Amino acid sequence: MDKNIRIEKCEDRQEPPKDEELSFGRTFTDHMFVMDYEEEQGWYDPRIVPYSPLEIDPAAAFCHYGQTTFEGLKAYRTEDDRILLFRPEKNAERFNNSNERMCICQMDPDFFVEAVKKTVQVDKNWVPAKPGTALYIRPFTIATEIYLGLKPSSRYKFIIIMSPVAAYYDQGIKPTKIYVETDFVRASKGGTGMAKTGGNYAGSLKAQAEAAEMGYDEVLWLDGNNREFVEEVGAMNVFFKINGKIITPSLEGTILPGITRDSVITILEDWGMEVEERKIKIEEVAEAYKSGDLEEAFGTGTAAIISPIGTLSWQDMEMEINNGETGEVASKLYDKLIGIQTGKIEDPYDWTVEV
Ligand SMILES: Cc1ncc(COP(=O)(O)O)c(C=O)c1O
């Protein structure tokens, strides 16, 4: 494949929104990255072009059967005006794992990172500076073969779009109210839970909407077989601190292997804390709560980084964790991770990549 990225600059560049006016995912930068795939040719014509709507044939496979994958990462502006990505090679690796599961062709992981870097470079004036803000980067693939038969597509489009986003926490890190979902499930063994693919998210909307109606921020998913074991929260992995020990569900193919999750485990172990990656029953969490051993619970993900769980509601039990306040471990982890990501503190792991 010719890895030369052609650049077609946008003629009427927009003014990026002011840092105070940012939201999430509604405003997009001036350019986008596009690359096509055909079976006979492989990936071809990588290009950065003005952001614009796509012309899609209504019979394109993804419109019908959801053969899509995506990723999500952020670029941060440092105080000395550099732009940093956080572990983009992990997104490249996960993207290929998702693609493999969804029968989508693989992509050279180094080229994935190169494409992200180049696209950010072209629109670097869009990376906001206010603490907590970032440029959210959304790489994705859609199956574009024009055919209504159900089979893996022979054509794809890979695209990267970018959106400047507000700080997740406006007034400091804030605990959330989580509803433990005991009816709907997100994934089951052998399904697509470990892949970042549209259908997993479409299938979660109903539970999410019902939980929101009851006043909860997110749902905590349980396993697809017996609704017994803890899986993950909306778009976050989940951690519990029970009697001094940190426990997070092991990766068994049904949850997304979060990059923040992996980073959190490394940091906690470096701090000398005991971390267990294993199956954990919701009943064990409830028992720990009753005995006073459940000290903290929090979610981890690119959007919020760390999201403390203040209330966890399971069946008729409403658990108020750490008096509904942010715990010490969650708070320290947040400071450490955002510090590394924004270049404020030393990065002993070589996780950041300068654009
Ligand atoms: C279902 C799901 N779980 C977990 C995560 C957290 O992953 P990461 O830390 O890589 O953002 C995400 C976010 O991408 C997600 O969508």
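Computed from a predicted model, the values in this text were never measured in an experiment.

Q: Explanation requested: unusual backbone geometry in the structure shown.
A: Of note, the phi angle at R87 is positive, near 50 degrees, even though the residue is not glycine. Inspection of the secondary structure puts R87 in the loop between strand 6 (83–86) and helix 2 (88–101). Phi at D350 takes a positive value of approximately 60 degrees, unusual for a residue other than glycine. Relative to the elements of secondary structure, D350 occurs in the loop between helix 8 (328–341) and strand 18 (352–354).

Q: I keep staring at the pairing of strand 16 (residues 305–314) and nothing clicks. Help me out?
A: Looking along a regular strand, one sees the side chains alternate between the two faces of the sheet. Taking burial as the measure, the 10 residues of strand 16 include 10 buried ones, the bulk of the element. Sheet topology note: the strand 9 (residues 176–180)/strand 16 ladder contains 4 bridges and is parallel. Looking at strand 16, one finds that K177 is bridged to T311. Taken together, the 4 bridges between strand 15 (residues 294–301) and strand 16 define a ladder with antiparallel strand orientation. Pairing of T300 across the sheet is with I306, part of strand 16. The antiparallel pairing of strand 15 with strand 16 creates a hairpin that spans 3 residues between the two strands. Here strand 16 runs beside strand 17 (residues 317–320); their pairing, made up of 4 bridges, is antiparallel. Among the inter-strand pairings, S313 is bridged to a residue of strand 17, identified as E318.

Q: Can you walk me through the site of the ligand in this structure?
A: In the vicinity of the ligand, 16 residues are found, and the nearest of them are K196, Y201, E232, T260 and T302. At 2.8 Å, a side-chain N or O of R94 approaches an oxygen atom of the ligand. T302 places a polar side-chain atom, nitrogen or oxygen, 2.6 Å from an oxygen atom of the ligand. Relative to its free-state accessible area of 390 Å², the ligand is covered by the protein chains to the extent of 96%. Given that more than half its atoms are within 2 Å of the pocket grid, the ligand belongs to the largest pocket. Every element with two or more residues in the shell around the ligand is listed here: helix 6 (259–270) and strand 15. Across the shell around the ligand, the residue classes tally to 5 nonpolar, 7 polar and 4 charged.

Q: Teacher, can you tell me more about the layout of surface pockets here?
A: Which parts of space are left empty comes out when a probe the size of a water molecule is rolled across the atoms. Its boundaries defined by the atoms lining it, the largest pocket holds a volume of some 930 Å³. Y136, R138, K196, A235 and A303 are the residues nearest the centre of the largest pocket, which is lined by 38 residues in total. When contributions to the lining of the largest pocket are tallied by element, the ones reaching two or more residues are strand 7 (134–143), helix 4 (198–202), helix 5 (205–213), strand 10 (218–222), helix 6 and strand 15. Per-class residue counts for the lining of the largest pocket are 17 nonpolar, 13 polar and 8 charged.

Q: Before we go on, may I ask you to explain the packing of aromatic side chains in this structure?
A: To describe a pair of aromatic rings, you give the distance between the ring centres and the angle between the ring planes. Applying the stated criterion to the full structure yields 15 aromatic pairs. With 5.4 Å between their ring centres and 10 degrees between their planes, F28 and Y51 make a pair best called stacked. Here the residue F28 occupies a position in the loop between strand 1 (6–7) and strand 2 (31–38), and Y51 occupies one in the loop between strand 3 (42–50) and helix 1 (61–65), the gap between them amounting to 23 residues. In this structure Y51 comes out as partly exposed when scored by relative accessible area, which is 35%. Put simply, the rings of F33, Y37, W43, F95, F111, F112, Y156 and F158 pair up and form one aromatic cluster. In this arrangement the basic side chain of K279 is found over the ring face of F229, its NZ or CZ atom lying 4.8 Å from the centre. Positioned over the ring face of W271 is K332, at 4.2 Å from the centre of the ring.

Q: Sorry if this is basic, but what is going on with the domain arrangement of the chain here?
A: Many descriptions give the size of an interface as the accessible area lost when the pieces come together. Per the domain assignment, the segments making up the chain are domain 1 (6–165) and domain 2 (176–341). The C-alpha-based centres of domain 1 and domain 2 are spaced at 27 Å. Across the boundary between the two partners, domain 1 contributes 19 residues, which contact 21 residues of domain 2. Together, the buried faces of domain 1 and domain 2 total about 1800 Å²; carbon and sulfur atoms form 60% of this surface. Linking domain 1 with domain 2 are 1 salt bridge. When the shortest N-O distance is used, the salt bridge between R87 and D262 registers 2.9 Å. Those elements giving two or more residues to the side of domain 1 that touches domain 2 turn out to be strand 4 (68–70), strand 5 (73–77), strand 6 and helix 2.

Q: Please clarify how the pairing of strand 2 should be interpreted in this entry.
A: Judged by how many residues are buried, strand 2 sits mostly within the fold: 8 of 8 residues are covered. Sheet topology places strand 2 next to strand 3; 7 bridges connect them, and they run antiparallel. Note that in strand 3 the partner of F33 across the bridge is I48. Hairpin remark: strand 2 followed by strand 3, antiparallel, with 3 residues in the connecting loop. Here strand 2 pairs with strand 8 (residues 155–165) via 6 bridges, running antiparallel. Among the inter-strand pairings, Y37 is bridged to a residue of strand 8, identified as Y156.

Scoring rules and cut-offs
- Residues numbered from 1 in each chain as written.
- Predicted model: local features only at pLDDT ≥ 70, side-chain atom pairs only at ≥ 80, totals over all residues.
- Heavy atoms only, no water.
- Helix = DSSP H or I, 4+ residues; strand = E, 2+ residues; numbered from the N terminus.
- Buried < 20%, exposed > 50% of the residue type's maximum accessible area, 1.4 Å probe, protein only.
- Pairing = 2+ DSSP bridges.
- Near = heavy atom within 4 Å.
- Polar contact = N/O pair within 3.5 Å; in protein donor to acceptor, adjacent residues only side chain to side chain.
- Areas by Shrake-Rupley, 256 points an atom, 1.4 Å probe, with all protein chains shown as cover.
- 1 Å grid on protein atoms, 1.4 Å probe; cavity = no way out; pocket = protein on both sides within 12 Å on 5 of 7 lines; lining within 4 Å.
- Sits in = over half its atoms within 2 Å of the grid points.
- Nonpolar A, V, L, I, M, F, W, Y, C, P; charged D, E, K, R; others polar.
- Points joined across faces, edges and corners; volume = space filled by probe spheres on them.
- Phe/Tyr/Trp six-rings, centres within 6.5 Å; stacked < 30°, edge-to-face > 60°.
- Lys NZ or Arg CZ within 6 Å of the ring centre and 35° of its normal.
- Domains from an automatic or database assignment.
- Contact = heavy atoms within 4.5 Å.
- Buried area = accessible area lost by both parts, 1.4 Å probe.
- Salt bridge = Lys/Arg side-chain N within 4 Å of Asp/Glu carboxyl O.

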